[in-house]
Amino acid sequence: MLKLLSVSHFLRIMKLLATASAPKPSAHCSVPPIINGFSSGTSRIVSVSIPHRLKLSVNELKLVILNYTSYERKTVFTRFQHFVPSALAKCSSPERPSSLNLNTDKRRAVVAWSAITLVLAVGNRVLQKLALVPMKDYPFFLAQLNSLAYVMTFFTLLHVRYHAGVTTDEMLAIPKLPFIVIGFLEAISTVSGMYAGAILPGPAIPLLYQTFLVWQLLFSSLLLRRRYSVNQLLGCFLVAAGVVVAVTSGASNSQMLSGVGILWPALMIASSAFQAAASIVKESVFLDAAARLKGKSLDIFVVNSFASGFQAIFILFFLPILSNSKGIPLSELPLYFRSGAACFLNLGTNTTGKI
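Every chain begins its residue count from 1, and numbering advances along the sequence as written. At least 70 in pLDDT is required for a residue's local features to be given in this predicted model, at least 80 for side-chain atom pairs to be given and counted, and no such filter applies to totals for whole chains, interfaces and linings, which use all residues. With hydrogens and water set aside, each side-chain value is computed from the structure's full complement of heavy atoms.

In predicted models, pLDDT denotes the confidence assigned by the predictor to each residue on a 0 to 100 scale. Averaged over all residues, the pLDDT of the protein chain equals 74, while 67% of them reach at least 70. Every residue in residues 1-5 is under pLDDT 50, and counting partners more than four places away or in other chains gives 10 contacts. Only heavy atoms matter for contacts: two residues are in contact if any of them lie within 4.5 Å across the pair.

Now the structure itself:
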């Protein structure tokens, strides 16, 4: 049975230790007075080793327990090393920020970055439509220019982050096959979106692209085996119904898509479907990378850089097919690109059109 003859003496030592270690006189520590954890054998406290001049170190505070078992061996009892440092740390850092303040800062950061993302996404769509008004005859040139801009931007940032140590060699060594799939899907989405956006009226483009949410729920259920609640499915249905109502009714007496036909709205919806499929493949890349990198998060610029690189390559491969669909022979493609560059730089005659 454990003798508690020196418990009061031990508590007095703990108080002296807390008083000597605290940065302010008002600091206070409380140490539990009960020692437990021995359920077998007969033990007694033999000695308590304490440094001189009250320079007490928690690592040097040891209770030597003589265990009277069949082997007559000594056991060093260091139970108090676990909770005494944490108690002293609480006393020595009273000014550290609370978890409530940290959660508030994180919430504000999420709201701020969400607002920035929303503004940039809306600006991207509006500027794309504004660019397609004078470049209505050059959607393929604009799609290729758009993809090359992404390639230069993402790979430049990836280079900087690699030399800064954020991106590691293990991240760059992950399999590239998913990036090829992402590049293929995004290439089709970009080209089809450019061709449809050149014909569709401006307000119809963001409305039709809201079907991205519907496609994303569908592909995540099929590819990632995710299940959604009834409320989530109902919200998705309301989004789809809102798109149908807004497009078919329009803002005036005439319908929004009157005279456009069914081909171009369907092409824009297909563009959102390919983009949603690409986003699901990206998510699967992050899930697979978490296992390969042993819990480390994959740098998003690795995914975006290689995906945009393969996207630019696939758009270039689509060139013969798209040129034939527009009635442009391969021999006239250099002239097509020169004319598209002149139109983009506003070096020819001014072109007006309806947004």
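Time to look at the side chain of Thr190. Along the chain, the position of Thr190 falls in helix α6 (residues 177-197). Type-normalised accessible area, obtained with a 1.4 Å probe on protein chains alone, sets the label of each residue: buried when under 20%, exposed when over 50%, and partly exposed for intermediate values. Residue classification places Thr190 among the buried residues on the basis of a relative accessible area of 14%. Two N or O atoms count as a polar contact when they lie within 3.5 Å, although within protein this holds only if one can serve as hydrogen donor and the other as acceptor, and sequence-adjacent residues are included solely when both atoms are side-chain atoms. Engagement of the side chain of Thr190 in a polar contact is seen with the backbone oxygen of Glu186, the distance being 2.8 Å. For Thr190, the side chain forms a polar contact with the side chain of Gln311, separated by 2.9 Å. Sequence-distant contacts of Thr190, defined by excluding residues within four places in its chain, comprise Ala143, Asn146, Gln311 and Ile315. Helical segments are the DSSP runs of H or I of at least four residues, strand segments are the runs of E of at least two, and each set is numbered from the N terminus.

At their nearest, the axes of α6 and helix α11 (residues 300-317) sit 7 Å apart, and the two run at 60° to each other. Classified by the angle between their axes, α6 and α11 sit oblique to one another. Note on packing geometry: the crossing formed by α6 with α11 is right-handed. Of α11, the residues touching α6 (which contributes Phe179, Ile180, Ile182, Gly183, Phe184, Glu186, Ala187, Thr190 and Val191) are Val302, Val303, Phe306, Ala307, Phe310, Gln311, Phe314 and Ile315. All amino acids are sorted into three groups, where Ala, Val, Leu, Ile, Met, Phe, Trp, Tyr, Cys and Pro are nonpolar, Asp, Glu, Lys and Arg are charged, and the leftover types, Gly among them, are polar. Residues of the contact of α6 with α11, tallied by class, amount to 13 nonpolar, 3 polar and 1 charged. Axes here refer to lines fitted to C-alpha atoms; in helices the fit is confined to the stretch in contact. Angles between the N-to-C directions go from 0 to 180 degrees. Roughly parallel means an angle under 35 degrees; roughly antiparallel, over 145; roughly perpendicular, 65 to 115; everything else is oblique. Left-handed describes a crossing whose near helix is turned anticlockwise from the far helix through less than a right angle; right-handed describes the clockwise counterpart.

Turning our eyes to something else, we now look at the packing of aromatic side chains. Each aromatic ring pair is described using two quantities: the centre-to-centre distance and the angle formed by the ring planes. Between rings of Phe, Tyr and Trp, where Trp is taken as its six-membered ring, a pair exists when centres lie within 6.5 Å; planes separated by under 30 degrees are stacked, by over 60 edge-to-face, and by other angles tilted. Counted by the stated rule, this structure contains 13 aromatic pairs. Note on Phe155 and Phe306: the rings are 5.7 Å apart at their centroids and 75° apart in plane angle, and the pair reads as edge-to-face. Separated by 151 residues along the polypeptide, Phe155 in helix α4 (residues 139-163) and Phe306 in helix α11 bring together distant segments of the chain. For Phe155, a relative accessible area of 31% gives the class partly exposed.

Taking 1.5 Å per residue as the helical rise, α6 with its 21 residues ought to reach 30 Å, and the 30 Å between its terminal C-alpha atoms agrees with that figure. With 15 of 21 residues buried, α6 is to be regarded as a mostly interior element. For a helix, the expected span equals 1.5 Å multiplied by the residue count minus one.

In contact at an axis separation of 11 Å, helix α10 (residues 263-292) and α11 are set at 135° when each is read in the N-to-C sense. Between α10 and α11, the crossing angle belongs to the class labelled oblique. The handedness of the crossing between α10 and α11 is right-handed. Here Lys282, Val285 and Phe286 of α10 lie close against α11, whose contacting residues are Ile300, Val303 and Asn304. Considered class by class, the residues forming the contact of α10 with α11 number 4 nonpolar, 1 polar and 1 charged.

On to a nonpolar patch on the surface. Together, Leu118, Val122, Val126, Leu127 and Leu130 line one region of the surface with nonpolar side chains, adding up to about 470 Å² of accessible area. The residue Val122 is located in helix α3 (residues 99-132) in this model. The patches reported here contain residues having more than 30% relative accessible area and no salt bridge. Joining distances are 9 Å for like charges and 5 Å for nonpolar side chains (Val, Leu, Ile, Met, Phe, Trp, Tyr). Note on areas: Shrake-Rupley, 1.4 Å probe, and residue coverage restricted to the protein chains presented here. What makes a salt bridge here is a side-chain nitrogen of Lys or Arg within 4 Å of a carboxyl oxygen of Asp or Glu, nothing more.

Positive phi, close to 60°, is recorded for Arg225, a residue that is not glycine. Relative to the helices and strands, Arg225 is located in the loop between α8 (211-223) and α9 (230-249). The residue Asn346 is not glycine, and still its phi comes out positive at about 60°. Checked against the element boundaries, Asn346 lands in the segment after α13 (333-344).

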